[in-house]
Amino acid sequence: MKWTATKIKALKGERNIAMLTAYDALTGSLVDDADIPMVLVGDSLGMTVLGYETMLQVDMDEMLHHTKAVARGVKSSLVIADMPFMSYQPSIEMGIRNAGRFLKEASADAVKIEGGALRSELIEALVGNGIPVLGHIGLTPQSIKVMDGYRVQGKTSEQARQLMDDAMAVEQAGAFALVLECVPAKLGKLISSALKIPVIGIGAGAGCDGQVLVFTDLLGMSGKPLPKFVKKYADLNPLIKEALSAYKAEVESGAYPTDEQSY
Ligand code: KIV
């Protein structure tokens, strides 16, 4: 069964929803094989696999290239392409054209857009033109320069009210679900209870309708310090390093290959 935005929306209140990022056909197929309903080709790929300092450097060509690869590896999960910085901010028309490219050229099923009430008009236009939208509010990494770094959002009652208004605006505009990043757990629960669409938390507590994590964080691949909200389900970095060192040592000593690996 192929997941659609409508089927994801219908999961609200039925069961919690798992979502994970992926960046190529291999990681996409691993997420798909695990029966995870939503796979996000996040612009986090800038830092996780492209070696950029932030995701602000990621462009449309890179996102299209990686979304195509993920879509080739996925059979059932809903493939969501993250719209990169400055691919939708300048105008509604630009947003529609670029979002359309993800569906038309890269076989994505939906796009993700950062921002609340500010993006209502764009979300409405995208959905009206046949493009399912996943909203994203709270800590929005594309605004990291004005947010002054990666900080928990919605800590004051005024900020919390603003986030609730933003969440309502995204729902009203027609998004099928909403990512809520880095807010106090109490606010995560409050917003999830107030909305009719699923709220997918990342650092937003257990009261959300689902959770999303970054593929390489969940598997402990980077060896770098991770945010508090990440749970490492494996610690692959030392295992990979150990395997690579063993390979190097065996090539240098002549222990690899043996007759077993020879024709
Ligand atoms: O880019 C990304 O991976 C994301 C998720 C962490 C929500 O936006």
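Scroll up to find the structure this text is about.
Report follows, based on the coordinates.

Each value, and the rule that gives it
- Residues numbered from 1 in each chain as written.
- Predicted model: local features only at pLDDT ≥ 70, side-chain atom pairs only at ≥ 80, totals over all residues.
- Heavy atoms only, no water.
- Helix = DSSP H or I, 4+ residues; strand = E, 2+ residues; numbered from the N terminus.
- Rg over C-alpha atoms; globule rule 2.2 N^0.38 Å.
- Buried < 20%, exposed > 50% of the residue type's maximum accessible area, 1.4 Å probe, protein only.
- Contact = heavy atoms within 4.5 Å.
- 1 Å grid on protein atoms, 1.4 Å probe; cavity = no way out; pocket = protein on both sides within 12 Å on 5 of 7 lines; lining within 4 Å.
- Points joined across faces, edges and corners; volume = space filled by probe spheres on them.
- Nonpolar A, V, L, I, M, F, W, Y, C, P; charged D, E, K, R; others polar.
- Pairing = 2+ DSSP bridges.
- Axes fitted to C-alpha atoms, helices over the stretch in contact; angles between N-to-C directions.
- Parallel < 35°, antiparallel > 145°, perpendicular 65-115°, else oblique.
- Left-handed = near helix turned anticlockwise from the far one by under 90°.
- Near = heavy atom within 4 Å.
- Polar contact = N/O pair within 3.5 Å; in protein donor to acceptor, adjacent residues only side chain to side chain.
- Sits in = over half its atoms within 2 Å of the grid points.

## As for the overall build of the protein
Argument step 1. Each helix and strand in the protein was counted, giving 11 helices and 8 strands.
Argument step 2. Here the protein has a C-alpha radius of gyration of 20 Å; the compact-globule value for 263 residues is 18 Å, and the two agree.
Argument step 3. Along the three orthogonal principal directions, the C-alpha set of the protein runs to about 65 × 40 × 35 Å.
Argument step 4. Residue burial in the protein is summarised as follows: out of 263 residues, 50% are buried.
Argument step 5. Counting only contacts in the protein whose residues sit at least 6 apart along the sequence, the fraction spanning at least 24 positions is 57%.

## Regarding the layout of surface pockets
Argument step 1. Of the pockets and cavities examined, the largest pocket occupies roughly 880 Å³.
Argument step 2. As for the largest pocket, its lining consists of 38 residues, of which S44, M47, T48, V214 and D217 are closest to the centre.
Argument step 3. No other element matches helix α10 (residues 215-218), which puts 3 residues into the lining of the largest pocket.
Argument step 4. Of the residues that constitute the lining of the largest pocket, the class distribution is 21 nonpolar, 10 polar and 7 charged.

## A short note on the sheet that holds strand β6 (residues 177-181)
Argument step 1. Pairing is parallel around the closed barrel formed by 8 strands, whose spatial order is β1-β2-β3-β4-β5-β6-β7-β8. The sheet shows a mean angle of 25 degrees between the axes of neighbouring strands, direction not considered.
Argument step 2. Two elements, strand β3 (residues 78-82) and strand β4 (residues 110-114), share 3 bridges in a ladder whose sense is parallel. Residue pairing in the sheet places I80 in a bridge with A110 of β4.
Argument step 3. Against the sheet, helix α8 (residues 157-173) makes contact with β5 (133-138) and β6, and its axis sits at roughly 175 degrees relative to β5, the strand it touches most.

## Focus on the packing of helix α5 (residues 92-104) against helix α6 (residues 120-128)
Argument step 1. Following both chains from N to C, one finds α5 and α6 inclined at 40 degrees, their axes separated by 10 Å at the closest point. The angle between the axes of α5 and α6 places the two elements in the oblique class. Of the two possible hands of crossing, α5 and α6 adopt the one that is right-handed. Packed against α5, whose contacting residues are I92, G95, I96 and A99, the element α6 presents E121, L122, A125 and L126 at the interface.
Argument step 2. A class-by-class count of the residues in the contact of α5 with α6 yields 6 nonpolar, 1 polar and 1 charged.

## A closer look at the environment of L134
Argument step 1. Relative to the assigned elements, L134 resides in strand β5.
Argument step 2. The class of L134 is buried, set by a relative accessible area of 0%.
Argument step 3. Put simply, L134 and V214 are 80 residues apart on the chain and 16 Å apart in space, counted from C-alpha to C-alpha.
Argument step 4. Excluding residues that lie within four positions of it along the chain, L134 makes contacts with M19, I80, V111, K112, I113, F176, A177, L178 and V179.

## Some thoughts on the site of the ligand
Argument step 1. Every residue near the ligand is listed here: T21, L40, G42, D43, S44, D82, K112, H136, I202 and V214.
Argument step 2. Between S44 and the ligand, the recorded distance is 2.5 Å, taken from a side-chain N or O atom to an oxygen atom.
Argument step 3. Within the side chain of D82, one N or O atom sits 3.2 Å away from an oxygen atom of the ligand.
Argument step 4. When atoms are counted within 2 Å of each cavity's grid points, the one that captures over half of the ligand is the largest pocket.
Argument step 5. Class assignment for the residues of the shell around the ligand results in 3 nonpolar, 4 polar and 3 charged.

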